[in-house]
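In case you want the letters, here they are:
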Amino acid sequence: MQELKTSLGRVYLTVDTDYENQWIRVNWQGYLTADSIQEGAKAYTEALAKAGFSCVLNDTRSVRGPWDHSMDWVINEWAPNAAAAGMRYFALISTPETLADGSAANFYAQLKAFHAEVFDSTEAAEEWLHRVCNEEK
């Protein structure tokens, strides 16, 4: 498991290559800056490419505040690069009615590079990923 930390030593992202399920499991936490979002997204995209997977389980329930400040970069730079690295399915877990959930809805509405769905539970996200990722095999 890879941990990315802020300059103050707080973990803001964990990246786990889940070989059993054949996806990358990502867990964001705290307040995210533009730099942390870029560094983190690049880290798990590299893990995806290295593993040869096409699915990501992205948990943002512990994020505090919105991340709309990075939406342009996420949609126009990261998403096409992630698709080129093999990303086909992206399950985003968010907490309804939070500022971070508003950012998740914006992301989902604008994304065209790969298929994404937004969920409010790990179980629902995993169920969807199992179905769509196994269809590819």
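See the structure shown above.
Residues numbered from 1 in each chain as written. Predicted model: local features only at pLDDT ≥ 70, side-chain atom pairs only at ≥ 80, totals over all residues. Heavy atoms only, no water.

Asks: Hey, could you run me through the sheet that holds strand β6 (residues 115-119) in this one?
Replies: Sheet strands line up and pair through hydrogen bonds in the backbone, either parallel or antiparallel. Read across the sheet, 6 strands follow the order β1-β2-β3-β4-β5-β6 without closing on themselves; strand pairing throughout is mixed. In the strand order of this sheet, the two ends are held by β1 (2-5) and β6, each with one partner. The mean inter-strand angle of the sheet, taken between neighbouring strand axes irrespective of direction, is 15°. Here 5 bridges tie strand β4 (residues 55-63) to strand β5 (residues 89-93), and the two strands are oriented parallel to one another. Counterpart to Asp 59 in the pairing with β5 is Ile 93. Where helix α1 (residues 34-51) meets the sheet, it contacts β1, β2 (11-18), β3 (23-30), β4 and β5, and its direction lies at approximately 165° from that of β3. (Pairing = 2+ DSSP bridges. Helix = DSSP H or I, 4+ residues; strand = E, 2+ residues; numbered from the N terminus. Axes fitted to C-alpha atoms, helices over the stretch in contact; angles between N-to-C directions. Contact = heavy atoms within 4.5 Å.)

Asks: Can you help me understand the side chain of Thr 122 in this one?
Replies: Looking at the element boundaries, Thr 122 is found in helix α4 (residues 122-135). Given a relative accessible area of 17%, Thr 122 falls into the buried group. In this structure Thr 122 touches Arg 25, Asp 59, Arg 61 and Ile 93, once residues within four positions along its chain are discounted. (Buried < 20%, exposed > 50% of the residue type's maximum accessible area, 1.4 Å probe, protein only.)

Asks: Would you explain helix α2 (residues 71-84) in this entry?
Replies: In an α-helix, one turn spans 3.6 residues; hence positions three or four apart end up facing the same way. When the terminal C-alpha atoms of α2 are compared, their 19 Å separation across 14 residues agrees well with the 20 Å that a helix rising 1.5 Å per residue should span. When the local axis directions of α2 are compared, the greatest deviation, roughly 40°, occurs at Trp 78, which is followed within four positions by the proline Pro 80. Taken residue by residue, α2 has Met 71, Trp 73, Val 74, Ile 75, Trp 78, Ala 79 and Ala 82 as its buried positions. Gly 86, located one to two residues past α2, shows a positive phi value of around 120°. (Expected span 1.5 Å × (residues − 1). Bend = angle between axes of the 7 residues up to and from the residue.)

Asks: Could you clarify how one ought to interpret the nonpolar core in this entry?
Replies: A general trend in soluble globular proteins is that nonpolar side chains are found buried together. Within the largest apolar cluster, 30 residues are counted, with the highest numbers of intra-cluster contacts made by Ile 24, Trp 28, Tyr 44, Val 56, Trp 78, Met 87 and Phe 90. Broken down by secondary-structure element, the contributors of at least two residues to this core are β2, β3, α1, β4, α2 and β5. Ranked by residue count, the leading element in this core is α2, at 7 residues. Residue contacts for Met 87: discarding those within four places in its chain leaves Tyr 44, Leu 48, Ser 54, Val 56, Trp 78, Ala 82 and Phe 114. (Core = buried A, V, L, I, M, F, W, Y, C linked by side-chain atoms within 4.5 Å.)

Asks: Looking at this model, I keep getting lost on α1. Mind explaining?
Replies: Taking 1.5 Å per residue as the helical rise, α1 with its 18 residues ought to reach 26 Å, and the 26 Å between its terminal C-alpha atoms agrees with that figure. Looking only at α1, the buried set comprises Ser 36, Ile 37, Gly 40, Ala 41, Ala 43, Tyr 44, Thr 45, Ala 47 and Leu 48. Among the structural elements, β1, β2, β3, β4, α2 and β5 are those in contact with the buried residues of α1. Remark: Gly 52 follows α1 within two positions and exhibits a positive phi of approximately 75°.

Asks: Is there a simple way to explain the side chain of Asp 59 in this structure?
Replies: The topology assignment puts Asp 59 in strand β4. When sequence neighbours within four positions are dropped, the list of residues in contact with Asp 59 reads Val 26, Asn 27, Trp 28, Ile 93 and Thr 122.

Asks: For this particular structure, what's the right way to read the state of the cysteines?
Replies: A disulfide bridge is the covalent bond that connects two cysteines by way of their sulfur atoms. Tallying each qualifying case throughout the model produces 1 disulfide. Two residues, Cys 55 and Cys 133, share a disulfide whose sulfurs are 1.7 Å apart. Measuring handedness by torsion sign, the sulfur bridge of Cys 55 and Cys 133 sits at about -130° and is left-handed. Of the two residues, Cys 55 sits in strand β4 while Cys 133 sits in helix α4, which places them 78 residues apart along the sequence. Pair check on accessibility: Cys 55 and Cys 133 agree, each one buried. (Disulfide = S-S within 2.5 Å.)

Bear in mind that shape data such as this cannot, by itself, settle questions of function.
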